[in-house]
Amino acid sequence: MQENALFAITNGLYVLSAKDGAGFAGSLVDAVSQVAVTPYLVMVSCMNTSRTKECIEASGEFGISVLPKDIDPFVIANFGYQSSRDVQKWNNVAKVEIDGLPYVPEALAKIRARVVNKLVYASNTVFIAEVVDAFDSRPGEPLTYKCYRDGFKEQVAVAFNAYKAGRSAGQAACAAVAKTAPSAAAGQPAAKRWTCTLCGYVYEGDIPFEELPDDWRCPLCGVGKEMFELQ
Ligand SMILES: Cc1cc2nc3c(=O)[nH]c(=O)nc-3n(C[C@H](O)[C@H](O)[C@H](O)COP(=O)(O)O)c2cc1C
């Protein structure tokens, strides 16, 4: 099967938000569609590894921010290239909070939905959800997955690398302080896995990663094998 053929199916890009304890989780998603009119239903497909997916399961609701073409590339990097398990993503960008859920202020529309159904597959969980509110719609061109793949992702990578460089300077300082403390995790090191350094996708296919063809690409963000690292 040519996995690349599936990239011909293009969607918009959205920031999905959910409550996470006292804070919020958030994830970049493209797999969003309206699937019914009566009642108004949307579907969103989340990877099972996503923290936002866990938070939607726990809270039963989510927000969708429809991203415009002129969105700051860092917003994509912030929500798409790292997990809410590790970072308070909503502290890194501007947000508007409406009825207890955060949204991207520049969004072309903001939608709130309550989960009514769930389908669980090996890689993804699909939520069917009833729209309970839709607001702040404004004119503008939506950012599409195709636009992201056709060039915008390079700007996103630049924004993410600049952000990571800033963070690692801070982490290096913390590590220097922590060096004197004994390690709390003295167990076995976790098994290393080939991971996309751009979007975090973890390769778990049957063919050994090294034997994949040279033109193989990350099925999530489309970068080549050279962007994968054993982590
Ligand atoms: C262009 C792009 C599209 C993505 N589409 C989806 C998607 O439709 N569903 C999903 O669960 N993750 C998608 N992701 C991956 C998540 O945004 C990413 O794994 C994120 O780190 C998950 O964050 P979380 O653990 O805080 O939920 C996409 C990433 C990129 C870069």
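Note that the structure is predicted; figures quoted are calculated from it, not measured.

Peer 1: Tell me about the overall build of the protein chain, and name the residues and values.
Peer 2: Within the protein chain, the secondary structure is distributed over three helices and eleven strands. Taken from N to C terminus, the helices and strands of the protein chain fall in the order β-β-β-β-α-β-α-β-β-β-β-α-β-β. When each of the 231 residues of the protein chain is scored for burial, the buried share is 42%. Of the contacts formed within the protein chain by residues at least 6 apart in sequence, a portion of 65% connects residues at least 24 apart. Accessible surface for the protein chain amounts to roughly 12,700 Å². Of this, 55% is attributable to carbon and sulfur atoms.

Peer 1: Residue-level account of the nonpolar core, with values.
Peer 2: Counting 34 residues, the largest nonpolar core has Leu13, Val15, Leu67, Ile71, Ile76 and Tyr148 as its most contacted members. For this core, the elements supplying multiple residues, two or more each, are strand E2 (23-29), helix H2 (73-80) and helix H3 (145-178). Here this core gets seven residues from one element, more than from any other, and that element is H3. Each of domain 1 (3-146) and domain 2 (192-231) gives at least three residues to this core. With residues near it in sequence (within four places) discarded, Ile76 still touches Leu13, Leu28, Leu67, Ile71, Tyr81, Leu143, Tyr148, Phe152 and Val156.

Peer 1: Lay out the environment of Thr52 in plain terms, naming residues and giving numbers.
Peer 2: Residue placement: Thr52 occurs in helix H1 (residues 51-59). The exposure class of Thr52 is buried, given its relative accessible area of 2%. Sequence spacing of Thr52 and Ser83 is 31 residues, and the spatial spacing of their C-alpha atoms is 8.5 Å. What Thr52 contacts, discounting residues up to four positions off in sequence, is Leu16, Ala18, Ala25, Gly26, Ser27 and Ser84.

Peer 1: Can you tell me about the pairing of strand E4 (residues 41-47), naming the residues and giving the values?
Peer 2: Burial within E4 is extensive, with six of its seven residues counted as buried. Strand direction decides the pairing type here: strand E3 (residues 32-36) and E4, joined by four bridges, are antiparallel. Across the sheet, the residue bridging to Ala36 is Leu41, located in E4. In this structure, the hairpin formed by E3 and E4 is closed by a connection of four residues. The sheet contact formed by E4 and strand E9 (residues 124-135) spans seven bridges and is antiparallel. Counted as the bridge partner of Val44 is Phe127 from E9.

Peer 1: Could you give an account of the pairing of strand E5 (residues 61-66), with specific residues and numbers?
Peer 2: Taken across its six residues, E5 has six buried, putting it largely inside the fold. As paired elements, E5 and strand E8 (residues 110-120) share five bridges and run antiparallel to each other. Looking across to E8, one finds that Phe62 is bridged to Ala113.

About the criteria used
- Residues numbered from 1 in each chain as written.
- Predicted model: local features only at pLDDT ≥ 70, side-chain atom pairs only at ≥ 80, totals over all residues.
- Heavy atoms only, no water.
- Helix = DSSP H or I, 4+ residues; strand = E, 2+ residues; numbered from the N terminus.
- Buried < 20%, exposed > 50% of the residue type's maximum accessible area, 1.4 Å probe, protein only.
- Contact = heavy atoms within 4.5 Å.
- Areas by Shrake-Rupley, 256 points an atom, 1.4 Å probe, with all protein chains shown as cover.
- Core = buried A, V, L, I, M, F, W, Y, C linked by side-chain atoms within 4.5 Å.
- Domains from an automatic or database assignment.
- Pairing = 2+ DSSP bridges.

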